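Take a look at the letters that make up each chain.
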Amino acid sequence: GHMMSALIGVCVHYFKYCLKTVFPHSRHPLLVDRTPYGLPVPVIKHKVVTEDELRGRRMLIVGDVHGCYDELVELIDTCNARDPNICLVFVGDLVNKGPKSDQVVKLVRELQGYCVRGNHDEVALSAWQQDQDREKSLSSQFKWFNKLSHDDIDWLLDLSFTIHFPSRGILVTHAGLVPGVDIDLQILDNLLHLRDVTFDAKSLTFS
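The following refers to the structure shown. The structure displayed is predicted, hence computed values, not measured ones.

## Digging into the pairing of strand β6 (residues 170-173)
Here is step 1 of the chain: Of the pairings in the sheet, the one linking strand β5 (residues 162-165) to β6 comprises four bridges and is antiparallel in character. Bridge pairing in β6 places Thr162 opposite Thr173.
Here is step 2 of the chain: Connecting β5 to the next strand, β6, in antiparallel fashion are four residues, including Gly169 with a positive phi near 65 degrees.

Set out below in structure tokens:
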């Protein structure tokens, strides 16, 4: 059994290697082991939340916050979203542009809100990773990252690309999905950036 599993693993690895050689520019998810910004792919790319986890709560889905902590607090207070009967869901881009990105991350975690990753979350994490690898120091744009705890950073790194709430008929992602394509076969870059659906014959992908 173990030898068969190992053999299958080797075959799959070799098959993926051959495909990468033939299609070096392909962004097909089966050939990708890094996110669009060069980060490790999270363990759970597509999260599923059951009704048992929702516990009958109403849902409040919040768009891009972009570091606007004060406005987020105002929204939460206006909607009485600290009520335990309300489930907060964020569509990504918690950070950048606004003045208080670190406080936004900490507040969303404190409220135990669900969140998918957006392109700006990826950009910030990529800048942090380059600083950790001593490739490039954090620019002033990302200095707020130094105010995050290790747990905050791990939480950002673990953000999935989609969250599915099957009992409510809702699937949340930051940008878009290609119609008719299974969720596990969606191009990760599309989930962060997709606006129009076109087919690229060179990379054999939609964008």
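## Regarding the layout of surface pockets
Here is step 1 of the chain: The space that makes up the largest pocket amounts to roughly 450 Å³.
Here is step 2 of the chain: Lining the largest pocket are 24 residues, with Gln112, Gly113, Tyr114, Cys115 and Trp155 sitting closest to its centre.
Here is step 3 of the chain: Elements with a minimum of two residues in the lining of the largest pocket: β3 (86-90) and β4 (114-115).
Here is step 4 of the chain: Per-element accounting of the lining of the largest pocket gives the leading share, three residues, to β3.
Here is step 5 of the chain: Partitioned by chemical class, the residues of the lining of the largest pocket number 14 nonpolar, three polar and seven charged.

Calculation criteria
Per chain, residues are indexed from 1 in the order of the written sequence. Two thresholds apply to this predicted model, a pLDDT of at least 70 for residue-level local features and 80 or more for giving and counting side-chain atom pairs, whereas whole-chain, interface and lining totals are computed over all residues. Calculation of side-chain values draws on the structure's entire complement of heavy atoms; hydrogens and water are dropped beforehand. Here, any two strands with at least 2 DSSP bridges between them count as paired. Put simply, DSSP marks the helices as runs of H or I at least four residues long and the strands as runs of E at least two long, and each gets a number from the N terminus on. A pocket here means an open set of points on a 1 Å grid, computed over the protein atoms alone, that has protein on both sides within 12 Å along at least five of seven lines. A cavity is instead a set of points where a 1.4 Å probe fits but cannot get out; residues with an atom within 4 Å of a point line either one. Grid points are joined across faces, edges and corners, and a volume is the space filled by probe spheres set on the points. Under the grouping applied here, Gly and all other residues not named as nonpolar or charged are polar, the nonpolar ones being Ala, Val, Leu, Ile, Met, Phe, Trp, Tyr, Cys and Pro and the charged ones Asp, Glu, Lys and Arg.

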